[in-house]
Amino acid sequence: MQFSSGSLPEPQIGKFLQMFPALRQRNFRLFWFGQFISLIGTWMQTTGQAWLVLQLTHNDLALGTVGALQFLPVLLFTLFGGVIADRLPKRRVLLGTQTFACLLAATLFTLYVTHTIQIWHIYILAFLLGINNSLDMPTRQAFVVEMVGRDALANAVALNSSVFNMAKIVGPGVAGLVIARFGEGPLFLGNAISFIPVLFSLILLDPTKLFAVQRKTSATPIGPLQSLNNGLKYVWKTPAIFLIIAVVGIVSLFGINFNVVEPLVGTELLHQGAQGFGLISSSFGVGALIGALSIATGNKAPSFKKMLTRAAMFCLGLALVGLSHNYLLSLGLAMFTGFSMITFTATANTTLQTIAPDHLRGRVMSVYMLVFNGTTPIGNLFTGWLAGLAGISIALVVNALASFIAVLVGWIKRGPAEDNLQQSLSPKKL
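If you're wondering where the values come from, they're calculated on a predicted model, not measured in any experiment.

1. Structural notes on a nonpolar patch on the surface
Then, in step 1: Together, Leu72, Leu75, Leu76, Phe77, Phe100, Leu103, Trp120, Ile124, Leu128, Ile131 and Ile378 make up a nonpolar patch on the protein surface, roughly 920 Å² of accessible area in all.
Then, in step 2: The residue Trp120 is located in helix H5 (residues 119-148) in this model.
Then, in step 3: Accessibility expressed as a relative area gives 45% for Trp120, which makes it partly exposed.

2. Section: the pattern of salt bridges
Side chains carrying opposite charge are able to pair once their charged atoms draw close together.
Then, in step 1: One pass over the structure, following the stated rule, counts three salt bridges.
Then, in step 2: The closest approach of N and O atoms between Lys90 and Glu146, which form a salt bridge, is 2.8 Å. Of the two residues, Lys90 sits in helix H4 (residues 90-113) while Glu146 sits in helix H5, which places them 56 residues apart along the sequence. Considered together, Lys90 and Glu146 belong to a single accessibility category, that of buried residues.
Then, in step 3: With a closest N to O distance of 2.6 Å, Asp136 and Arg140 form a salt bridge. On the criterion of helical spacing, the pair formed by Asp136 and Arg140 is a turn pair, its members being four residues apart in helix H5.

3. Structural notes on the packing of helix H9 (residues 239-254) against helix H13 (residues 327-355)
Then, in step 1: Interaxial distance between H9 and H13 falls to 10 Å at its minimum, and their mutual angle equals 150°. Comparing their axes, H13 and H9 come out roughly antiparallel. Here H9 runs over H13; the crossing is left-handed. Here Ala240, Ile241, Ile244, Ile245, Val247, Val248 and Val251 of H9 come into contact with H13, specifically with Phe344, Ala348, Thr351, Leu352 and Ile355.
Then, in step 2: Here the contact of H9 with H13 is built from residues that sort into 11 nonpolar, one polar and no charged.

4. Some details on the packing of aromatic side chains
Then, in step 1: One pass over the structure, following the stated rule, counts seven aromatic pairs.
Then, in step 2: Between Phe254 and Phe382, the aromatic rings sit 5.9 Å apart at their centres with planes inclined by 90°, giving edge-to-face as the arrangement. One end of the pair, Phe254, is in helix H9; the other, Phe382, is in helix H15 (residues 376-390), with 128 residues separating them in the sequence.
Then, in step 3: Arranged with centres 6.1 Å apart and planes meeting at 40°, the rings of Phe382 and Trp385 form a pair that is tilted. Taken together, the residues span about one helical turn, with Phe382 and Trp385 both in helix H15 at a distance of three residues.
Then, in step 4: The exposure class of Phe382 is partly exposed, given its relative accessible area of 27%.
Then, in step 5: Among the aromatic residues, those joined into a cluster by ring pairs are Phe254, Phe382 and Trp385.

5. Focus on the nonpolar core
Then, in step 1: With 119 residues, the main nonpolar core has Phe28, Tyr368 and Ile392 as its most contacted residues.
Then, in step 2: With 13 residues, the single largest contributor to this core is helix H2 (residues 26-57).
Then, in step 3: Residue contacts for Ile392: discarding those within four places in its chain leaves Val261, Leu264, Val265, Glu268, Leu269 and Ala387.

6. Section: unusual backbone geometry
Then, in step 1: Its identity is not glycine, yet His115 carries a phi of approximately 60°, on the positive side.
Then, in step 2: When its relative accessible area of 74% is taken as the criterion, His115 is described as exposed.

Each value, and the rule that gives it
Residues numbered from 1 in each chain as written. Predicted model: local features only at pLDDT ≥ 70, side-chain atom pairs only at ≥ 80, totals over all residues. Heavy atoms only, no water. Patch = residues over 30% accessible without salt bridge, like charges linked within 9 Å, V, L, I, M, F, W, Y side chains within 5 Å. Areas by Shrake-Rupley, 256 points an atom, 1.4 Å probe, with all protein chains shown as cover. Salt bridge = Lys/Arg side-chain N within 4 Å of Asp/Glu carboxyl O. Helix = DSSP H or I, 4+ residues; strand = E, 2+ residues; numbered from the N terminus. Buried < 20%, exposed > 50% of the residue type's maximum accessible area, 1.4 Å probe, protein only. Axes fitted to C-alpha atoms, helices over the stretch in contact; angles between N-to-C directions. Parallel < 35°, antiparallel > 145°, perpendicular 65-115°, else oblique. Left-handed = near helix turned anticlockwise from the far one by under 90°. Contact = heavy atoms within 4.5 Å. Nonpolar A, V, L, I, M, F, W, Y, C, P; charged D, E, K, R; others polar. Phe/Tyr/Trp six-rings, centres within 6.5 Å; stacked < 30°, edge-to-face > 60°. Core = buried A, V, L, I, M, F, W, Y, C linked by side-chain atoms within 4.5 Å.

In C-alpha cells:
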C-alpha cells in the first residue's frame, strides 16, 4: 500500500510520515486502518449493550456485573496469554481471536433480533469475550514492535491510542442515535461486520516485512509455568516497570472504569436519554484523542514526572465529573478526563515496551494488561455497589481519591524508577 501522490503533494506526504513514522510501514498502516473500523463496531456494541442491560434489569449492579464477567477472565488468564504471545506467531493468534470475537457479536445480534435475549445470555457472552481478550490483548500489544521496529514504537503506541479514541468518538455517538431510532440490534450486527476489515488486514500483512525480534533460546526447553515465572521475576526486579505496573493497577482498579458508569452519569446525574449518554461518552473520547495525538506528534522521551502529573489530572477530572450536574460542563470535564487518562496510560505503555527485552515483551505486556483490564471486575463491582448504595457522585469521588493516593505514593517513590529508566534508555541512544 502506497500513499497516492495525487491526493497529497509529495512534500506534504514526507512531512506527514516524518510526524508519524510508524505509518511508513505498510503492515502497520493495514493493521491500523483495520483496527479503526473494528473498534468503531466495538464501541457501538459496548454502548448498545450497556443500554440494553439497563432496559432489561433497571439495576445499577447489573452493569457492573457485565463488566466484571467480561474482565474476570483477563484477571485469570492474561498472564498465560502473554506466554503464548512470546511463543506463537502473533499474526496467526490474532486471526483466531478476532474471528472468535466476530462470532460472539453475531450471536448477540441473533439473540436480540429473535427476541430471545435475556440478561444471562449477555453474562455468558461477556465472559467468553473476556477469555478471548485475555489472549488477544497481550498478543496485539506485543505485535506492534514487530510491525514498526523499536525506533517508531512510541509513535505506534500513540497512534494505536488515537485510533482507539477516534473509534470511541464515532462509535458511542452513532450508537446513541441508532438506539433512539432503531434500538440496540443494528449495533450488534454492525460490530460483527466491522471485524471483516481487520481480518483482511491481518491476511494481507507481509510476514517478510516484519521486524525480527531477538528471542532468547535455552539449551533445555522451558515449560509454560517456568516461562511465566521468569516474566514475573523480571517485572518485580525492574524498578521502572514495577512502579508503572503498581500505579496503573490501582488507578485502573478504581478510576479507569468510566465507560461502565457512563449510563449512570447520563441518566442519574444529567437526566439525559440515549443520545445524551452517547455524547458524554464521545466527549471523553474526544479528549482522549487529543491526548493521543499530542503524544504521537510530540515524540518525547518517557518521563515519570509527566506520567504521574497526568495521572493526577485524571483523578481530578474524574472527581469533578462526579460532582457536576450541568450537562455542558460535564461534556467539558469528560473531555479533560479523557485527555488526562490517555496521556497517562499511553506514556506508561510506551515506557514498558521500550524497556522490555524482545523475548519477554509478551509477558511484560500481559502483566500490564492484567492490571489495566484484569482489575476491572473488582472495580466494576465496587463502583456498581457503591453507586447503588450512595449514588454515582459519591462513587466517582471515592474512586478518584483512591486513585490519587496511588499516584501520590508513586511520586514519592519514583527515584529508583527514574534511575532505572535512564539506564535502560541510554544504551538505545548509542
